[in-house]
Amino acid sequence: MISRLEILPNEVFFNIFSHLSWNEILTSFWSLNERFNSLVCSTFSMNQTGIIIRQTNLSYKIFLTKLFPLISNCSFLINSIRHIHFDGSNSNSYDFFNQNGHIHNYPNLKSLVLNQIYLSELLIENLCLLIQYRLKELTLILDEDIFKVFRLEDKPYVMVSSQVKKRLLMFKDLLNEIFSEKCQLISLRLDILCDHSYLNIHQCLSSSAISNTSKIQYCCMTLRYVDIRLHYTCLIEHLIEHVPNLERLSVYLRESWNRNKLWDLTIGPFEESDTMLVNKKFDVKKLKYFILKCAVNYDDQLNYLKWFFNNLSNVEKIKIRLRINGVCKKSPIINESIVDANFIRKYLMSDTTNNLIHFNFYIISICKLLSNYTERTINSFKIHPFFIERQWTNVKCLFDPIKFYQHLSSSSSCINNLSEYFPDLIFYSDIFFWPNLKYIEVDFHEKVHLYLERFNELFPNVSCIKFDMGSQTYCDNSIEPFKMKQHKLTDIQLRYVTRLDFGLYFCRGFGSNGSCDDRNKERAKILAPLISMPVQLSYLRIEQFQWLLHIIQYAFDELEENVLINVRYLEFCVPSCNYGENETVLLGKNLVPFLSKYMPYLQTLCLWKRDDFPWSSTRRWLKYLKTTESINQHAARFEQDLCELVEQLKQLVYLDIHGEINDEKLESYRLMVQKRFSDAHFSIEKSRFRLWI
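Here the residue index of a chain counts from 1 through its sequence in written order. For a predicted model such as this one, the threshold for reporting local features is a pLDDT of at least 70, and the threshold for listing and counting side-chain atom pairs is 80 or more; totals across whole chains, interfaces and linings nevertheless cover every residue. Side-chain numbers come from the whole structure's heavy atoms, not from hydrogens or water.

Looking at an unreviewed UniProt entry, one finds the protein chain named F-box domain-containing protein, with Rotaria magnacalcarata as its source organism.

J.: When you look at the side chain of arginine 541 in this model, what are you seeing that I'm missing?
T.: Within the secondary structure, arginine 541 sits in strand S16 (residues 539-544). Identification of polar contacts relies on pairs of N or O atoms within 3.5 Å, with a donor-acceptor requirement for protein atoms, meaning one able to donate a hydrogen and the other able to accept it, and with residues adjacent in sequence counted only if both atoms are side-chain atoms. Here the side chain of arginine 541 touches aspartate 501 through a polar contact of 2.7 Å, side chain to side chain. A polar contact of 2.8 Å, which involves the side chain of arginine 541, links it to the side chain of glutamate 571. Secondary structure counts use DSSP, requiring at least four H or I residues in a row for a helix and at least two E residues in a row for a strand, with both numbered from the N terminus.

J.: Looking at this model, I keep getting lost on the environment of cysteine 573. Mind explaining?
T.: If you trace the backbone, cysteine 573 turns up in strand S17 (residues 569-573). Think of it in three bands: with a 1.4 Å probe and only protein chains considered, a residue is buried below 20% of the maximum accessible area for its type, exposed above 50%, and partly exposed in between. Accessibility expressed as a relative area gives 0% for cysteine 573, which makes it buried. It is 8.9 Å that separates the C-alpha atoms of cysteine 573 and glutamine 546, two residues lying 27 residues apart in sequence.

J.: Help me understand the pairing of strand S8 (residues 289-296), please; the structure alone is not making it clear to me.
T.: Working note: regular strand, side chains alternate between the two faces of the sheet. S8 sits mainly inside the fold: 8 of its 8 residues count as buried. Burial along S8 is two-sided: the face carrying Tyr289, Ile291, Lys293 and Ala295 and the face carrying Phe290, Leu292, Cys294 and Val296 are both buried. Think of it this way: DSSP has to see at least two bridges between two strands before they count as a pair. Sheet topology places strand S7 (residues 248-258) next to S8; 5 bridges connect them, and they run parallel. The partner of serine 250 across the bridge, within S8, is isoleucine 291. Here S8 runs beside strand S9 (residues 317-324); their pairing, made up of 8 bridges, is parallel. When the sheet's bridge partners are listed, leucine 292 is paired in S9 with isoleucine 320.

J.: For this particular structure, what's the right way to read the packing of helix H22 (residues 517-532) against helix H23 (residues 545-555)?
T.: Two numbers describe a pair of packed helices, the interaxial angle and the distance between the axes. In this analysis an axis means a line fitted to C-alpha atoms, helices contributing only their contacting stretch, and an angle means the value between N-to-C directions, from 0 to 180 degrees. Viewed as axis vectors pointing N to C, H22 and H23 meet at an angle of 90°, and their least axial separation amounts to 8 Å. Viewed along their axes, H22 and H23 adopt a mutual orientation that is roughly perpendicular. Mapping the contact onto sequence places Asp517, Asn520, Lys521, Arg523, Ala524, Lys525, Leu527, Ala528 and Ile531 in H22 and Trp547, His550, Ile551, Tyr554 and Ala555 in H23. Class assignment of the residues belonging to the contact of H22 with H23 gives a composition of 8 nonpolar, 2 polar and 4 charged. Roughly parallel means an angle under 35 degrees; roughly antiparallel means over 145; roughly perpendicular covers 65 to 115; every other angle is labelled oblique. Contacts between residues were defined by any pair of non-hydrogen atoms, one from each residue, lying within 4.5 Å. Amino acid classes used here: Ala, Val, Leu, Ile, Met, Phe, Trp, Tyr, Cys and Pro are nonpolar; Asp, Glu, Lys and Arg are charged; the rest, including Gly, are polar.

J.: Explanation requested: the nonpolar core in the structure shown.
T.: The nonpolar side chains of a soluble globular protein tend to be buried, and buried together. For our purposes a nonpolar core is just a set of buried Ala, Val, Leu, Ile, Met, Phe, Trp, Tyr and Cys residues, chained together by side-chain atoms within 4.5 Å. With 109 residues, the main nonpolar core has Trp22, Ile344 and Leu348 as its most contacted residues. Setting aside chain neighbours within four positions, we find leucine 348 in contact with Leu302, Phe309, Ile320, Leu322, Phe343, Phe359 and Ile363. Listed in part, the 73 residues of the second largest apolar core include Tyr451, Leu570, Ile661 and Phe682.

J.: Mind showing me how you'd approach the packing of aromatic side chains here?
T.: Two measures describe an aromatic ring pair: the distance that separates the ring centres and the angle between the ring planes. Classification of ring pairs rests on two measures: the distance between centres of Phe, Tyr or Trp rings, Trp counted by its six-membered ring, which must be within 6.5 Å, and the angle between planes, read as stacked under 30 degrees, edge-to-face over 60 and tilted in between. Here the structure, examined in full by the defined rule, presents 27 aromatic pairs. Where phenylalanine 467 meets phenylalanine 502, the ring centres are 5.3 Å apart and the plane angle is 5°; that geometry is what we call stacked. With phenylalanine 467 in strand S14 (residues 464-468) and phenylalanine 502 in strand S15 (residues 499-502), the pair connects residues that are 35 residues apart, well separated along the chain. Phenylalanine 467 sits in the buried class, given a relative accessible area of 2%. What links up through ring pairs into an aromatic cluster is the set Trp257, Phe290, Tyr304, Trp307, Phe308 and Phe309.

J.: Looking at this structure, how should I read the sheet that holds strand S4 (residues 137-142)?
T.: By definition, the strands of a sheet pair up through backbone hydrogen bonds, in either a parallel or an antiparallel sense. Strand order in the open sheet formed by 12 strands is S1-S2-S3-S4-S5-S6-S7-S8-S9-S10-S12-S11, with mixed pairing between adjacent strands. Two strands lie at the open edges of the sheet, namely strand S1 (50-53) and strand S11 (396-400), each paired on one side alone. Taking the axes of each pair of neighbouring strands and ignoring which way they run, one obtains an average angle of 5° across the sheet. Helix H8 (residues 121-133) rests against strand S3 (111-117) and S4 of the sheet, and its axis sits at about 155° to S3.

J.: Just to check I follow, could you spell out the packing of helix H3 (residues 22-29) against helix H5 (residues 60-72) for this structure?
T.: Following both chains from N to C, one finds H3 and H5 inclined at 80°, their axes separated by 11 Å at the closest point. One way to sum up the angle between H3 and H5 is to call them roughly perpendicular. On H5, the residues touching Trp22, Asn23, Leu26 and Thr27 of H3 are Lys66, Leu67, Leu70 and Ile71.

In C-alpha cells, the structure reads:
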C-alpha cells in the first residue's frame, strides 16, 4: 500500500531537502525505501549539496556512531557525494578526516571547502591525493592557531617535537603540489595567514625553493581560477609563473602587506629600475580578469602596484577595490595627491592597455579638501583623453564630511546607494564586498538607530552585524561616553540577522580586569535592546563575559523575553584567574550558573583566556608551578569545571578554549580528560583545548 507521503512528486521532496541539513536528511529519510534512498543520493549529487559539517548541533556521538558508519558502509552514498564543506570552528570536521582515512575513495568528489581547519598529518595526506585524483575545486582556509605552532621554530629555546616539524614540512610540500603538474584543480581559493616563521610559506614557489626540480613539474596546467588572500605579494609573482593557463586571478592583500620579509614597502624605497624586477616579467597570456582588494598606506606600496599592473598588459578586465590611507608623513604621493583620473591612469593601470576593455574601480581615499572638490574630480575623467576614448567618463564621486573620505567609483549605482548606507557608520573595508555582503561592521554611533531601522530593506542578505565597541574595557576618561539613546533602539526587529558581534578583540590575554560601574550600566542599557533585535539570535560573540552579567544586573527589563534562550553559539573572553582584582579573578565561577539559566540549549561554547584553561577559582591561582601537587590541583579544578559544564548544558556538543598553559600540565590534563570523558574526543595543546561531546 502506497502511503500519502509517497504520492508527493520528487520536486516536493527536493524542496523539503533544501531546508534540511545533510544529517537531518539521512536520519529522517534514508532506508525508508528505495525511492527515498534514490532521492537522497540525487540530492547529494548536486553541486553545492553534500556533506556540509558546519552546524553547531552535530553531536560527536551521533556523528561517530551513526552518521559516519552509514556513509562509510554505503557505496550508493559514497558515489553520490560531489561536494564536502567543513567548518572547523564549531563542528566535527576534524574527526571526519581522522576517522575517514580514505576520503580519497569518494570517487565523484569534485568540490571541497575547508574553513578554519587545523591541519593534521592525515588531512595533508588526504589533500595531496584528492588534488591529484578527485578534486576540481578546493577552498583552503587555515585555523590561525596552526601558525602559532609554526612560529615555535623561531624560538631556539623551545623544543619542537619531531611530529610538529614533520607537519610543517608536509604543509609546505602540499602547497608545492597544488601548483605542480600532479594537481588537477580547476578552481582554488587559498587563505594564507601572515607567516613570520622560518617556514617562509610565501617563498615556497620561488625559483630557489624548487631549483633542484624541473620547472615543468611545477606547472599546474589545469588551474584556471585562483582567489587568494595573503600578506606577502611575492607569492603572487611566483604563483603566476606556475599557472600558465590562469584565466582569472583575485587577490586580497591584508593590512600592512609587503612584497616579502626582506623587502619592506613600509620603509622603502621600491625602485622599478632594480635589476631583479626589470628582468622579471609575468607570462600571463591567458589571464583575462584580475581583481585586487587592498589598502595602501605608503608610497612604495603604490609604486609596487604600478609595477605589478605593468606586468598585466594582456588583461582584458580589471576590478579594483582600494582604500588609500595617509598614515606616513614620508609618503608625499598619497598625502599630497588627489585621487582623480590622472592619479588612476598613472598609478593604478598598466602603461600599455591595448587589451583592456573593462575597468571597474571603487577607491576610498583620505581627502582634506572641501566637498565641492568632487565636481573637479568627476570632470577630470571627462577631459582626460584616455577615459574619453574608452567612454569611461561616467564616474561617481562622494565626499564623507565626517571621516573626510572621498569615495570614487566607476559604477554610479554603488555610490548612489552609499548615502543610504550612512557611510559614517560603516567600516570601509566592508564596502569592497557590496552588494554580496554576508556580514557588516558598524561603529557604535549615536545615529546607529537610523541605520538599523532600515536594515531589513537595505541588507536582506546580511546575517551578521559586528559592532565596534571601541576601547570599552577599562574606565578611562579618554574614552568618549556612549552617545546612543536607548529608547531609539526599541521596537526594531531584524528579520534576517542571526548573529551579533559586540567588540572586535577576541584573543588570548584580553580578558578585562578593570571596570567602572557607570560605564558598565550605560553599556548594558545599550546592549540589551541591541541583543533583542534579531528575530532569531543563534550566534552571539561578546567581547567580555562581564558584559553579559551587567546586562542581567542593570538592564534585564530591556531584554526581549527569551532572547538569550535561542542562542546556540556563544563566544567571549574570560578574566584571568591569576591577574587582576579579586572581584574579576572570581568572576569565572558565575559562568556555568549563568549559562544554564539563560542559555540552557547552548551547543557550542568558545572561551578566550590569557592563561590556564579552567575558568573558575575560589582563590587566586598560583602563578608558578613548583610541585606535582599544585599541578594536580589545577587538573582537579579543570575537571570540576568541565564536569559542571557538561552536566548543566545537556545539548553542548563542542567546547573550544584558547589559553596558555605550561608544558608540565599537558600530560596531567590529558590523562584527566581521557579518564573522565572516555566517550568524547578531545585535543589539547599548550595554547588550545577542544572537546567534542
